Amino acid sequence: MDAVAAELILSGGSILTMEGVCPRAEAIAIAGGRILAVGARAAVMAHAGPDTKQIDLAGRTLLPGFIDAHGHFANALQVVGWANIQRLPAGPVTSIADLQQVLREHVVSHPVAKGEWVIAYGYDPDGFSDGRPLDKADLDGLFPDNPVMVIHNSNHGAVLNSAALALAGYDASTPDPAGGVIVRRPGSTEPAGLVMETAFIPLFLHMPQPSEDARLAEFEAAQRLYTSKGITTVQDGATVAADLTLFQRAAREGRLCVDLVLLPLVLDVPSMLRERFPDFQGQPLELPQPAREAFGSYRDRLKLQGIKLLVDGSPQGKTAFWGEPLLTPGPNGEANWRGQPVCAPEQLMEAVAQLSAQGIQLFSHCNGDAAIDLMIEACRRAGLNPEQDHRTVIIHSQFMAPAQLEQYAELGLHPSFFTVHAFFFGDVHLANLGPERAGRMSPMASAMALGLHCSNHNDFSVTPIEPMRMLETAMTRRTRTGVVLGASERVSAEAALRALTIEAAWQIREESSKGSLATGKRADLVILDANPTETAPERLNDIAVVATLKDGVCVYGSLEGDNA
Amino acid sequence: MNDVSVNQSPLGRLRGVPATVVGGYLGSGKTTLINGWLRDGACQGWALLVNDLGSINVDAERLRQGDGRVVELGGGCVCCTLRDGLGAALLELAKRDQPPAHVLIEASGMAVPERLAGQLSLHGLALVRVLLVVDLERIEALWHDRWVGELVQQQFEGVDLLQFSKRDLLTPPEAERREQWLHQQLDASGQRTSPPLHRERQLARSDSWLQLEPLERSQVLAWAAQLGPEVLRAKGELWLAEAPDGPVSFDRVGDRVSLAAAPSRPWSAPLQRRGQLVVISRASAQAPHWPSLLPSTRLIPA
Ligand SMILES: [Zn+2]
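Residues numbered from 1 in each chain as written. Chains lettered and ligands numbered in written order. Predicted model: local features only at pLDDT ≥ 70, side-chain atom pairs only at ≥ 80, totals over all residues. Heavy atoms only, no water.

**Describing the pattern of salt bridges**
All names here are of chain A. In total, this model carries 47 salt bridges over all chains according to the counting rule given. Across the pair Arg184 and Asp176 runs a salt bridge, and its minimum N-O distance is 2.6 Å. Overall, the relative accessible area of 22% leaves Arg184 in the partly exposed class. Owing to a relative accessible area of 38%, Asp176 belongs among the partly exposed residues under this scheme. (Salt bridge = Lys/Arg side-chain N within 4 Å of Asp/Glu carboxyl O. Buried < 20%, exposed > 50% of the residue type's maximum accessible area, 1.4 Å probe, protein only.)

See the structure below:
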């Protein structure tokens, strides 16, 4: 008999453990932030003591807390102050009038003084019933004295109102910059509101630059975006130098209620090092011993896990790097466009060799098959092999060519997939790539069959934080219009759940403490109001989170489920 | 409203500051050239924006001892990082007491110089030179490279001048052969004018002129015809008496002169009619004469 009594025992619902030997349990006991016992009800109840709180799940479903396998927590700090104008079902908008209504309500809850920015995200003109895109005039009536920016769902452009256009200095006389477009009203050169790519980038300079204190104040709301969806380990998957300082301060001040995993962006590593180790003299990307040792363990819920490399852009923005041209013109009308890498091959080879030799885990953003090829080549030249247990993760692994998964297996690379692309951008991918190439997106079933550790992600804020939509799209691979992309790559609910839990934990080297329900693991848990393994895929996204527990403490909802 | 916004712009202080962009694929020799210019003293009081402080360390120190400033550019895809590395670097410059006399930007090896130039213009700087540094030894292999071939080709678009680095490492006939090969490729890819060559190691001279009175089309063409061989390129937008509705673009490379038939866009304000020309010449050239009989009212040193 165990000396420690349980603080909390939950039973009376479905308990999905994500453990191979015992996938279902009847009860779970928690003490000291860890799982004391999980399994048959009678065995778990043996841990009950006089002060044990017993919770009846009342038929609800309990799982390990979800792990954000890739996303950008830094963006959450911004987005919490923005209006969500995504189209149904990710947001409330189906028309320009809806969008205007959301903006009206937003400024009631987030009042702005004259001249202050109003920012909305998730603009998707295809979702409007109006049959026309948003024009600056649609925003001017509501906000004559405030600059407004309605960010396109690609994050590569935005619709501006007249005040924002004036701030940027864009008018009928402004030529389109190379690599960008200022969309004009028909028959004139007067800007209509939408600016894309290089015409959008200069806007960042005009946007509010919140102070560190103001950003710290957003941590609670930003973490709630995750805990309200059952996520207990969050990622900032491209940490820049200024944010590292901010995150470290937030952690020190005890502001984190979930675990936060940082992947410093390789481009920013030199300045991070200069700031912290001003006297260190080394090769480029050579880390001093204390910097190397800073990776891999939590301090005040914050850890650095690896370094983020960027090899290409995004497929929906057509800035990914493919082996063969797209069926449609490039982002600026280019013929035979197959995208481009964003880093020089020589530099990638060098970075992979240098960093992996120092024992730093690598997380590499690769969307197109040519970017994936380039990364495979870099790993091959660096001499990576599975015996080293280096756990290099290829984030997105989106459009894989045949035989690339086999090369992953040979070199010890593992994919973090992005299956919600099927829903949000699948129809676009079909048009750009045709059914065969589009059907090879996020090949989860093939990867699992090869024994690769596959996680799945939302890449927030590229898509909303929706674990259940990840599940749904891994199972159905269905586009908005109902086309199934690559039917043979669909996986079971159990397999899709593993990608959000135990496999995601493995990729950040936390499989021994997280990702499944087993004695001694952290009590990071989520309680759902329905069992996702028994729910029709198209209903999955309706499942609500009743409660989220981090280290045994309820950080969202309530165990009794009375606010669900 | 526009005037208000100019004052509000966080980069207001950099408005009209001349800017030079130096592009070229990784390893093309940009840093060596720039370091040479710093040693020559061609960049007194300039701000230098570089991608990697490490690569230019020694001479950045030299620049700091003068009146210059060095700022590092950030990078990354906008859609993940939601930031503008160039804008942030310019903001650093704009915060200082004195605006720099000139901003020189060493583009990253993966950047398309034309795009960087476009960003600088949107931010209100006055572009005076967009140079592409080309390594004649490697260009043929890079042009067809399986990873970066298309990018390397795209880097040639919209640049004012090609600057060959390491030309002296090749025998003269070999250098000649490769120059010709490159010209054939550029002409074949040919949507736009292939940029002229600059064979010296010194920084090409660049002079700007602001045109405040209209010119006749014939005056412009006559002026272009008399420019000597020391002028490598002349380009800009002009106010023509025949086209009162907007600026007309002008470009001269070698003997080829193009003067657009009509404006492609209106003036920024009805009363703000003005033209602007940039003349890029060999480092040893004299200041050019401008196409007007009237004395130019404002010269921008560059
Ligand atoms: Zn990302």
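**Considering the interface of chain A and chain B**
Accessible area lost upon the coming together of the parts serves often as the stated size of an interface. Of the residues lining the interface, 53 residues belong to chain A; the matching set on chain B comes to 43 residues. There are three salt bridges connecting chain A and chain B. Notably, a salt bridge pairs Arg146 of chain B with Asp373 of chain A, separated by 3.9 Å at the nearest N-O pair. Linking chain A with chain B are seven residue pairs in polar contact (both at pLDDT 80 or more). Mapped by element, the contributors of at least two residues to the side of chain A that touches chain B are α2 (73-79), α5 (162-168), α11 (345-357) and α12 (369-381) of chain A. When its residues are assigned to classes, the side of chain A that touches chain B shows 27 nonpolar, 18 polar and eight charged. (Contact = heavy atoms within 4.5 Å. Polar contact = N/O pair within 3.5 Å; in protein donor to acceptor, adjacent residues only side chain to side chain. Helix = DSSP H or I, 4+ residues; strand = E, 2+ residues; numbered from the N terminus. Nonpolar A, V, L, I, M, F, W, Y, C, P; charged D, E, K, R; others polar.)

**Considerations on the side chain of Ser455 of chain A**
Residue and element names in this part refer to chain A. Among the secondary structure elements, Ser455 is positioned in strand β20 (residues 455-456). Under the relative-accessibility criterion, Ser455 is labelled buried at 0%. Polar contacts involving the side chain of Ser455 include one to the side chain of Ser416, which spans 2.7 Å. At a separation of 2.6 Å, a polar atom in the side chain of Ser455 contacts the side chain of Gln507.

**Let's talk about the domain arrangement of chain A**
Residues and elements named next belong to chain A. If you check the domain split of chain A, you get domain 1 (8-65 + 518-563), domain 2 (87-152 + 157-199) and domain 3 (219-507). Taking only C-alpha atoms into account, the centre of domain 1 sits 29 Å from that of domain 3. Every contact between the two is made by 24 residues of domain 1 and, on the other side, 25 residues of domain 3. Of the roughly 2,000 Å² buried between domain 1 and domain 3, counting both surfaces, carbon and sulfur atoms make up 64%. With a shortest N-O distance of 3.5 Å, Arg24 and Glu494 are connected by a salt bridge. There are six residue pairs in polar contact (both at pLDDT 80 or more) connecting domain 1 and domain 3. Elements that contribute at least two residues to the side of domain 1 that touches domain 3 include exactly β5 (61-64), β21 (525-528), β22 (545-550) and β23 (553-557). For the side of domain 1 that touches domain 3, the per-class residue count stands at 15 nonpolar, four polar and five charged. (Domains from an automatic or database assignment. Buried area = accessible area lost by both parts, 1.4 Å probe.)

**Regarding the sheet that holds strand β7 (residues 83-84) of chain A**
Residues and elements named next belong to chain A. Overall, mixed pairing links the six strands, which are arranged β7-β8-β9-β10-β12-β11 in an open sheet. Each end of this open sheet is capped by a strand with a single partner; those strands are β7 and β11 (180-184). Alignment of β11 against strand β12 (residues 191-197), held across four bridges, turns out to be antiparallel. Residue pairing for β12: Gly180 is matched across the bridge by Glu197. The strands that helix α3 (residues 96-109) touches are β7 and β8 (118-123); relative to β8, the one it contacts most, it runs at about 140°. (Pairing = 2+ DSSP bridges. Axes fitted to C-alpha atoms, helices over the stretch in contact; angles between N-to-C directions.)

**With respect to the packing of helix α8 (residues 241-252) of chain A against helix α9 (residues 269-276) of chain A**
Residues and elements named next belong to chain A. Interaxial distance between α8 and α9 falls to 8 Å at its minimum, and their mutual angle equals 55°. Comparing their axes, α9 and α8 come out oblique. Together, Ala241, Leu244, Thr245 and Gln248 of α8 and Ser271, Met272, Glu275 and Arg276 of α9 make up the contact between the two elements. When its residues are assigned to classes, the contact of α8 with α9 shows three nonpolar, three polar and two charged. (Parallel < 35°, antiparallel > 145°, perpendicular 65-115°, else oblique.)

**Observations regarding the pairing of strand β13 (residues 231-239) of chain A**
Residue and element names in this part refer to chain A. Burial within β13 is extensive, with nine of its nine residues counted as buried. Pairing geometry for strand β6 (residues 66-67) and β13, over two bridges, is parallel. Bridge pairing in β13 places Phe66 opposite Ile231. As paired strands, β13 and strand β14 (residues 259-264) are joined by five bridges and run parallel to one another.

**Considering unusual backbone geometry**
For the bond from Phe460 of chain A to Ser461 of chain A, the omega torsion is 10°, close enough to zero to count as cis. Residue placement: Ser461 of chain A occurs in the loop between β20 and α16 (467-476). Phi at Ala58 of chain A is positive, roughly 50°, even though this residue is not glycine. Summarising the element assignment, Ala58 of chain A is placed in the loop between β4 (53-56) and β5. Taking the relative accessible area as the measure of exposure, Ala58 of chain A reaches 53% and is therefore exposed. Even without being glycine, Lys166 of chain B reaches a positive phi, approximately 55°. Along the chain, Lys166 of chain B turns up in the loop between β6 (161-165) and α9 (172-189). The class of Lys166 of chain B is partly exposed, set by a relative accessible area of 26%.

**Points about the sheet that holds strand β19 (residues 413-417) of chain A**
Residue and element names in this part refer to chain A. If you walk across this open sheet you meet the five strands as β16-β17-β18-β19-β20, and the pairing is parallel. Lying at the two open borders of the sheet, with one neighbouring strand each, are β16 (306-310) and β20. Contacting β16 and β17 (361-366), α11 runs over the sheet at an angle of about 170° to β16. Of the strands in this sheet, β16, β17, β18 (392-396) and β19 touch α12, which is tilted by about 155° from β17.

**Topic: the side chain of Thr227 of chain A**
With respect to the helices and strands, Thr227 of chain A occurs in helix α7 (residues 219-227). Ignoring any residue separated from it by four or fewer positions in sequence, one finds Thr227 of chain A in contact with Cys257, Val258, Val545, Thr548, Val555 and Tyr556 of chain A.

**Some thoughts on the domain arrangement of chain B**
All names here are of chain B. On domain assignment, one finds that chain B holds domain 1 (3-192) and domain 2 (204-301). Taken together, the seven residues of domain 1 in the interface contact 11 residues of domain 2. Of all residues in domain 1, Val128, Asp160 and Leu161 bury the most surface against domain 2, accounting for 53% of the area lost on that side. Between Lys235 and Asp160 there is a salt bridge, and its shortest N-O distance comes to 2.7 Å. Taken together, domain 1 and domain 2 are joined by five residue pairs in polar contact (both at pLDDT 80 or more). When residues in the side of domain 1 that touches domain 2 are grouped by element, the largest group, three residues, is from strand β5 (residues 126-135). Broken down by class, the residue content of the side of domain 1 that touches domain 2 amounts to five nonpolar, no polar and two charged.

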